[in-house]
Amino acid sequence: MTGTGVLPAQALRAMIERGQIAADPPIIAAQVQPASLDLRLGTVAYRVRASFLAGKGRPVAERLAEFEMHRMDLSAGAVLEKGCVYVIPLMERLALPHGLSAVANAKSSTGRLDLLTRTITDGGVEFDRIPDGYDGPLYAEVCPRSFSVLVRSGQRLNQIRFRQGQAVLSDEELAQLNAREPLVSGTAVISEGLGFSVDLRPDQGDLVGYRAKPHAGVIDLDRIGHYPAAEFWEEIRTTEGRVILDPGAFYILVSREAVTIPPDYAAEMAPYLAMVGEFRVHYAGFFDPGFGHAAAGGAGSRGVLEVRCHEAPFVLEHGQVVGRLVYERMAERPDALYGEKIASNYQGQGLKLAKQFR
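Residues numbered from 1 in each chain as written. Predicted model: local features only at pLDDT ≥ 70, side-chain atom pairs only at ≥ 80, totals over all residues. Heavy atoms only, no water.

K.L.:
How do you make sense of the pattern of salt bridges when you look at a structure like this?
P.N.:
Between side chains of opposite charge, a pair can form when the charged atoms approach closely. In the structure shown here, the tally under the stated rule is 26 salt bridges. Of the charged contacts in the structure, one is a salt bridge between Arg-308 and Asp-114, with a shortest N-O distance of 2.2 Å. Taken as a pair, Arg-308 in strand β24 (residues 301–309) and Asp-114 in the loop between α3 (108–112) and β9 (115–121) lie far apart in primary sequence, 194 residues in all. Given the relative accessible area of 8%, Arg-308 is considered buried. (Salt bridge = Lys/Arg side-chain N within 4 Å of Asp/Glu carboxyl O. Helix = DSSP H or I, 4+ residues; strand = E, 2+ residues; numbered from the N terminus. Buried < 20%, exposed > 50% of the residue type's maximum accessible area, 1.4 Å probe, protein only.)

Dropping the structure here:
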């Protein structure tokens, strides 16, 4: 793989064969996504006093000795308590060649459960950023914010994307791509990425989102379509095109625009502006090539927004720009697109909770 850009699935499989991505037990085919690799939880979770980064020249294991409170065996499952911080060694480790770096992020279902999940590395000074040529283990820091969760060894809460060189499209390049192939329904707002806004005037009905209930039960992550949504979420309805966000509350909303990721590109959701308001749009997961794309059965898919209000109540209005998609080139087109021949939970999505709910 000599091209500049994000590495596709076929390049990830080649890295696995060369031992640049290794794991015990070995990586399974289902972990390889069109432009990313799912990472698996190991067999032990460490409850720690506080979130931390290893720091330059220091291994995570050394810092764990400083902050560990107790440890839990995940082989048969264990509950991660709401409001607590855990560090879990991952099954995968890296031996990146020179010129190759990586970025990690939470998977979509992880973010929709308000599970703060970040990747840390030996010598790391940033969350979710794996430097050029990194050789060492990977760890997940997990902090359940709204719900306690039952997790098991082998579950996949976060994912990693590898890139060679500079892959991010400039605003000019993004505008040119949008002219060739529209990336968003409606007018494209391009400023350090493709802006998107919140939908608070749905075409049908008055349901615009959900707010997490503060005292819900435990969620077993392996139970798909199992939990009644009403036991964990309060419906948010409005006919006025606005909602008032409560401080500390967690919301699931949806973008007004349907977005498209062409096959030769990938994207990542990012905050629009640090000072856009008294809230933050959390971003979980990557947008793989083919998301919302007609060739992969999409024809435009909405972006689900995970929103947390901060210090003061805040009025959020229909059409307010709340986030942006940063597009990147693929080094090569993936041999399978999102939603095409693979189990993709959110192709063609609208307002949708995590897959554990019904």
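K.L.:
In this structure, what is going on with the pairing of strand β3 (residues 37–40)? I would like to understand it.
P.N.:
Remark: a regular strand shows side chains that alternate across the two faces of the sheet. Alternating positions in β3 separate into two faces, Leu-37 and Leu-39 on one and Asp-38 and Arg-40 on the other, with burial throughout. The pairing of β3 with strand β13 (residues 156–164) spans 4 bridges and is classified as antiparallel. Along β13, the bridge assignment pairs Arg-40 with Arg-156. (Pairing = 2+ DSSP bridges.)

K.L.:
When you look at the packing of aromatic side chains in this model, what are you seeing that I'm missing?
P.N.:
Considering all chains together, one arrives at 9 aromatic pairs under this definition. Between Phe-287 and Phe-291 the ring centres are 4.8 Å apart and the planes differ by 80°, which places this aromatic pair in the edge-to-face class. Among the residues examined, Phe-291 registers a relative accessible area of 5% and is labelled buried. Ring-pair connections join several aromatic residues into one group, and the members of that group are Phe-147, Tyr-227, Phe-232, Trp-233, Phe-250 and Phe-357. Over the face of the ring belonging to Phe-127 we find Arg-118, whose NZ or CZ atom lies 3.6 Å from the ring centre. (Phe/Tyr/Trp six-rings, centres within 6.5 Å; stacked < 30°, edge-to-face > 60°. Lys NZ or Arg CZ within 6 Å of the ring centre and 35° of its normal.)

K.L.:
Sorry if this is basic, but what is going on with helix α2 (residues 60–67) here?
P.N.:
Within an α-helix, residues lying three or four positions from one another point in the same direction, as the helix has 3.6 residues per turn. Along α2, the positions that sit buried rather than exposed are Val-60, Arg-63, Leu-64 and Phe-67. The arc that holds every buried residue of α2, seen down its axis, measures 110°, which confines them to one face. Where α2 is buried, its residues contact β4 (44–48), β5 (68–73), β7 (85–95), β9 and β11 (135–144). (Arc of directions from axis to C-beta. Contact = heavy atoms within 4.5 Å.)

K.L.:
Can you help me understand the sheet that holds strand β12 (residues 149–151) in this one?
P.N.:
The strands that make up a sheet are held in pairs by hydrogen bonds between backbone atoms, and each pair lies either parallel or antiparallel. Overall, mixed pairing links the 3 strands, which are arranged β6-β12-β17 in an open sheet. The open sheet has two edge strands, β6 (78–80) and β17 (219–220), and neither has a second partner. Here β12 runs beside β17; their pairing, made up of 2 bridges, is parallel. Residue pairing across strands places Val-149 opposite Ile-219, the latter belonging to β17.

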